[in-house]
Structures are given as structure tokens and as C-alpha cells.
Amino acid sequence: MIDSYIKALISNAVAHGLIEETDRVYCTNSILYLLKKDSIDFSCPEAKGELHELLDKICDYAAENGLIEDSITYRDLFDTALMGALTPRPSQVIEKFSSLYAESPEKATDYYYALSGDTNYIRRDRIAKILKWQYDSNYGTIDITVNLSKPEKDPKAIAAAKNAPQSGYPKCQLCRECEGYAGRVDFPARQNHRIIPITINNSNWFMQYSPYVYYNEHCIVFNGSHTPMKIDKSAFSKLLEFVGLFPHYFIGSNADLPIVGGSILSHEHFQGGRYEFAMERAPIEKEIEFKGFNDIKAGIVKWPMSTIRLQSESPERLAELADKILTAWRSYTDESAYIFAETDGTPHNTITPIARRRGDAYELDLVLRNNITTEEHPLGVYHPHAELHHIKKENIGLIEVMGLAVLPPRLKTELEALADAIVGGKDLRASEETAKHADWAEKFIPEYSEINSENVMDILKAEVGKVFATVLEHAGVFKRDSEGMKAFERFINSVETR
């Protein structure tokens, strides 16, 4: 009976502090309105279940009664409206966050992260589906994930979106105007979304959590204005200022050029959180010095992507040196290492920066990037090469730069099919799912004395880990051999002369 699920939903909101007991009747009536019901039987037993299960049952009722189309997009729009009726107002969330921040930044983010899950903005049931494992590479223990948290494309919604009038509001999914927005078939609902205002670089910024949570407390910090991504001195200063405000979080930025940048270059934003990536654990393999900056510890990081690490107790000095390195890199060309600052007026060099605290010190990792393409590598010379596309073809953004693979959902079924084919001695080229992996599998199968149903998935996971380590090596502008390291040092020496 639908009434029992409504009662349970309201009780869940009370139990998690979204509403007070005195709000129970008011919020019940708000849910009844969305369901176009005129009444409820309060004497009925209360249903049991997790939040997503209760919402699923209520969406079933809505679909059965013609309130919504029974597809993932329309169900998401509707259950977000339900939770929006139970989510505290922005002013309440900001007030609570601010009062907790006065005690400690960690208490504030603990509250805000829990709230984001309790309101179903972070869909915990979908996050739980993400496949995760680790691989011990030459660069430390890296993280591998197969992203199953994003729903598959909805054919009904795709068809409806084609016929829907085009809207420029909100301008993108990172705009502050998304907070409370009801959504459309081509834009997610955000009635249960709350953002936290912060001041960075004397301007209005906001913090939110990613609804997809690729790692613990995966947050997004975005400019209050819809302004393009740009890596410059002010970007370094903003990152360092943020970790001053939230010293228990790291924060980084995608690069500001296509191929090596993120998926949204039109809106300035950073990504951070409370997670230790393999890159953070990677040691300095060669200490270096920059003239005029003897107060800053610097070194080349033992990492597949070419990275300079800077450390100082002065964020201002770090930003100054980082800007000097960026300026040098923007115009740097070394034909012998196939580094070109530009071709035909198109710039290629940029940086992916990551900031964190180490005790009282500020630390900044500068990952050198280049997005040049060739006929042999049309997607990018410093991008996963074609022989790796069966595992990873997409751009290498900030999260992967730091050592966490975000692999496409197709790999779940493909690896399962590959495992079955290997154990069963089947022709790997007979199926479309396994054929793309055949060359790869035929190379590593002879390396194992026995592959059976007990160990096949562990073997495949390890081999995927090897591929991802190679992906990062492909994305590194200076290769990990002696010639590559000499080329890296040539660039560092060039910074001194500028």
C-alpha cells in the first residue's frame, strides 16, 4: 500500500535530521501533492526498507497511476522532487555548516557529506555498484574502478529531448542556478541539491559534492560565475587558498585545453576531497632547485606522468614559482622530445595542478600536459594509444592523473565474457565482446601456469591494472627512460633562464 511507503519515507527524513518531528504532517502533505493523492491512512503499518527502496516503490506507484513514464530518467526526476520536499532550505544548511565550521572544518564537511547522501543527492545505492580494486604498480598502489554509478542512456528521454524546446537555463550543470532546479529530460533534477558558499580569491565560489563520488568525499568547488577554465597564477592561488580553508582535503584542477582537460571546460571548477591517491604517496626521485626560490623544496616525482612537486609554508611563494614554471612550459618547445608549444597557432602546453597540505606546509604538484595530435595518434600523442583503447579510450583527467582509473561500464560485461571464454578455451575472436580484447589476452595468457574459474578474474584485474599504468605512461610528456629524464631536466633548466 502506497501510504505505508509514504509514512516510511517521512520517518526516514525525521531519523536523518532532514526534517523535525513537528514537520511530519506538513511534509506528508507535500508528498501527497506530488502523488496527486487527497489523503493518507496514518493508521496503516509503516513499510521497511532502505531509502532507495522506498523511493523505488513510490515511483512504481507514480508510473502505475500515469504520473510519470516508467523509465530511469523520469523516475530520477520524480524521486528527486520527492526528496526536494524533505530537504532543508539552503539557508538552514548554510547556517548549520557555518556553525560546525567554527568548531572545525572536518565537522562541517562530515555533516554536509552525510546530508548529501541522506537526501539521495548522492545515490548511495548506485555508488555501491562501482567495481573497485587496486593494483601494485611500479609507481605504488593505484586504484582501478569501473564506473557503474551513472545510469545508462534512456531511449525514451533521448527521444523526448529531441522534441523539447532548447533551454539555456541553467547554463551548465556546474552553475549555482542548479540548486533546487526541477530538471528536464535532458538536465538532471536538483531539488535535493544544496551548495555551500565560500570566498576564494575575494570572489564568490561554491562547494558541493559530486553526485557520482569517484572517491571519498569527492567535492567540486566552482566559480559563482559561468566563466571558462583557465590555468594561471590565480588558479594556483585559489587551490592553495582552498586547502588553507579545508586542510583535510586535497584539491586539483583539470587542465584548460581539450583532450588533456576535463569534460566541462566552459565553467571554472576544481575537484577535491578526502582521499589519498597513489600520486600523493609517490616519492621525490630527484631534488631540484629554482633560482630565486631556494626557500621552496622542489623535486621530480616518481610518477608516470611528468610531475614537479613544490613545498613551502608560504602559499604566495608557491603560486609565484608555479606561475613561473607554467609560463615557461606554455612556450616550451623541444623537437627532439616531440614537445611543441603550438602548431599553426594552436597552443598545446598546459598544466594539471593539485594542492594539499602536509602538516603546516603547502604542497603543489604540477603535472605537465600537452594535447598535440598526429595522424598516427589522432586523439593525442600524450593520450592512451590505440592498442589500449579496448580498456581506456577516454581523456585522462585530474582523477586519473592522480592514479585512479575511471573505466567505462562496458568493461563489467566484457571482462566477465572474457573470463568465461578464457576458462572455457573458446575462440576469443568469435564474440564482439571479447574480440576487442583478444590481442591483449593472447599476450598475457602464456605468462600464467594455470588459469581457472577461481583465479581468472584476479588475473584480469591485475592485467587491467598493468594497462592503466601504461595509459598513464602514454599520457606523460617526458618518458620514463634515460632520454626522457634528460629531456625533463632540459625543461627544468630552461625555467632558470626565463
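So, here is what we can say about the structure in this document. Source: prediction; values computed, not measured.

### Side note on the overall build of the chain
Scanning the chain from N- to C-terminus turns up 17 helices and 15 strands. On the principal axes, the C-alpha backbone points of the chain span a range of 75 × 65 × 45 Å. For the chain, buried positions account for 55% of its 498 residues. Long-range pairs, those at least 24 residues apart, make up 64% of the contacts in the chain between residues at least 6 apart in sequence. Only carbon and sulfur atoms are counted for the fraction: they give 48% of the accessible area of the chain, which is about 22,400 Å². The average position of the 56 basic charges and that of the 74 acidic charges among the side chains of the chain differ by 2 Å.

### Looking at the state of the cysteines
Scanning the entire structure with this criterion turns up 0 disulfides. A disulfide-free cysteine, Cys59 has its sulfur positioned 18 Å from the sulfur of Cys27, the nearest such atom. No disulfide involves Cys172; its nearest neighbouring cysteine sulfur is the one of Cys175, lying 3.8 Å away. Residue Cys172 is classed as buried on the basis of its relative accessible area, which comes to 9%.

### Describing the sheet that holds strand S15 (residues 404-407)
Whether parallel or antiparallel, the strands of a sheet pair through hydrogen bonds between backbone atoms. A sheet is described by the order of its strands in space; here 3 strands give the open sequence S1-S2-S15, paired in mixed fashion. Edge strands, defined here as strands with exactly one partner in the open sheet, are strand S1 (131-137) and S15. Neighbour-to-neighbour, the strand axes of this sheet turn through a mean angle of 20°, independent of strand direction. With 4 bridges connecting them, strand S2 (residues 140-146) and S15 associate as parallel partners. Note that in S15 the partner of Ile144 across the bridge is Ala405. Of the strands in this sheet, S1, S2 and S15 are in contact with helix H16 (residues 456-475), which crosses S2 at around 105°.

### Brief notes about the packing of aromatic side chains
Here the structure, examined in full by the defined rule, presents 26 aromatic pairs. For the pair Tyr215 and Phe250, a centre-to-centre distance of 5.7 Å together with 45° between the ring planes defines the contact as tilted. You can see Tyr215 sitting in the loop between strand S4 (203-209) and strand S5 (219-223) and its partner Phe250 sitting in strand S6 (residues 250-252), a full 35 residues away along the chain. Judged by relative accessible area, Tyr215 falls into the buried class, the value being 3%. When the centroid spacing of 5.1 Å and the interplanar angle of 75° are considered together, the rings of Trp329 and Phe491 count as edge-to-face. A residue pair is termed long-range when its members are at least 10 positions apart, and Trp329 in helix H11 (residues 315-330) and Phe491 in helix H17 (residues 482-496) qualify at 162 residues. What links up through ring pairs into an aromatic cluster is the set Phe97, Tyr101, Tyr112, Tyr113, Tyr209, Phe242, Phe246 and Tyr249.

### Side note on helix H2 (residues 24-34)
Residues of H2 that are buried: Cys27, Thr28, Ile31 and Leu32. One face of H2 carries all of its buried residues, which in axial projection span an arc of 150°. Opposite the buried face of H2, at more than 90 degrees from it, the exposed residues are Tyr26 and Tyr33. Packed against the buried residues of H2 are helix H1 (2-15) and helix H4 (72-84). Positive phi appears at Lys36, one or two residues downstream of H2, with a value of about 55°.

### With respect to the pairing of strand S3 (residues 196-200)
Burial along S3 is one-sided: Ile196, Ile198 and Ile200 are buried, and none of Pro197 and Thr199, which face the opposite way, are. Both S3 and S4 contribute to a ladder of 5 bridges, which runs antiparallel. Looking at S4, one finds that Thr199 is bridged to Asn204. Taken together, S3 and the strand that follows it, S4, pair antiparallel across an intervening segment of 2 residues, in which Asn201 is found at a positive phi of about 55°.

### Regarding helix H5 (residues 90-103)
Between its first and last C-alpha, H5 extends 20 Å over 14 residues, near the 20 Å set by a 1.5 Å rise per residue. Looking at H5, one finds that the buried residues are Val93, Phe97 and Leu100. Down the axis of H5, the sector holding all buried residues measures 70°, keeping them to one side. Every exposed residue of H5 that faces more than 90 degrees away from the buried side is listed here: Ser91, Glu95 and Ala102. Buried residues along H5 sit against helix H6 (105-118), S3 and S4.

### Quick word on the sheet that holds strand S10 (residues 307-312)
Taken in spatial order, the 10 strands of this open sheet run S3-S4-S5-S7-S6-S13-S14-S10-S9-S8, and their pairing is antiparallel. The sheet is open, and its two edges are formed by S3 and strand S8 (284-288), each paired on a single side. Strand-to-strand twist across the sheet, computed as the mean angle between neighbouring axes with direction ignored, equals 25°. Sheet analysis places S6 next to strand S13 (residues 349-358), joined by 2 bridges and oriented antiparallel.

### Examining the nonpolar core
Of all hydrophobic cores here, the largest spans 94 residues; its most connected members are Phe242, Phe290, Leu310, Phe478 and Phe491. Sequence-distant contacts of Phe242, defined by excluding residues within four places in its chain, comprise Ile198, Ile200, Met207, Cys219, Val221, Tyr249, Phe250 and Ile251. If you look at the next biggest cluster of nonpolar residues, it comprises 52 residues, including Ala278, Val301, Ile391 and Ile451.

### Considering the environment of Pro197
Residue position: Pro197 is located in strand S3. Remark: the alpha-carbon pair of Pro197 and Gly224, spanning 27 residues in sequence, is separated by 8.7 Å. Non-local contacts of Pro197, meaning those with residues more than four positions away in its chain, are made with Ile94, Trp205 and Phe206.

### Observations regarding the pattern of salt bridges
For the coordinates displayed, the defined rule picks out 36 salt bridges. Taking the shortest distance from any N to any O, the salt bridge between Lys392 and Glu400 comes out at 2.7 Å. As far as burial versus exposure is concerned, Lys392 and Glu400 are alike and both buried. We note a salt bridge from Glu414 to Arg410, for which the minimum N-O separation is 2.8 Å. On the criterion of helical spacing, the pair formed by Glu414 and Arg410 is a turn pair, its members being 4 residues apart in helix H13 (residues 410-423). By relative accessible area, which is 5% here, Glu414 ends up buried. When salt bridges that share partners are traced, they join Glu280, Arg309, Arg356, Arg358, Glu363 and Asp365 into one network.

What counts and how
Residues numbered from 1 in each chain as written. Predicted model: local features only at pLDDT ≥ 70, side-chain atom pairs only at ≥ 80, totals over all residues. Heavy atoms only, no water. Helix = DSSP H or I, 4+ residues; strand = E, 2+ residues; numbered from the N terminus. Buried < 20%, exposed > 50% of the residue type's maximum accessible area, 1.4 Å probe, protein only. Contact = heavy atoms within 4.5 Å. Areas by Shrake-Rupley, 256 points an atom, 1.4 Å probe, with all protein chains shown as cover. Lys, Arg positive; Asp, Glu negative; His and termini not counted. Charge placed at Lys NZ, Arg CZ, Asp CG, Glu CD. Disulfide = S-S within 2.5 Å. Pairing = 2+ DSSP bridges. Axes fitted to C-alpha atoms, helices over the stretch in contact; angles between N-to-C directions. Phe/Tyr/Trp six-rings, centres within 6.5 Å; stacked < 30°, edge-to-face > 60°. Arc of directions from axis to C-beta. Expected span 1.5 Å × (residues − 1). Core = buried A, V, L, I, M, F, W, Y, C linked by side-chain atoms within 4.5 Å. Salt bridge = Lys/Arg side-chain N within 4 Å of Asp/Glu carboxyl O.

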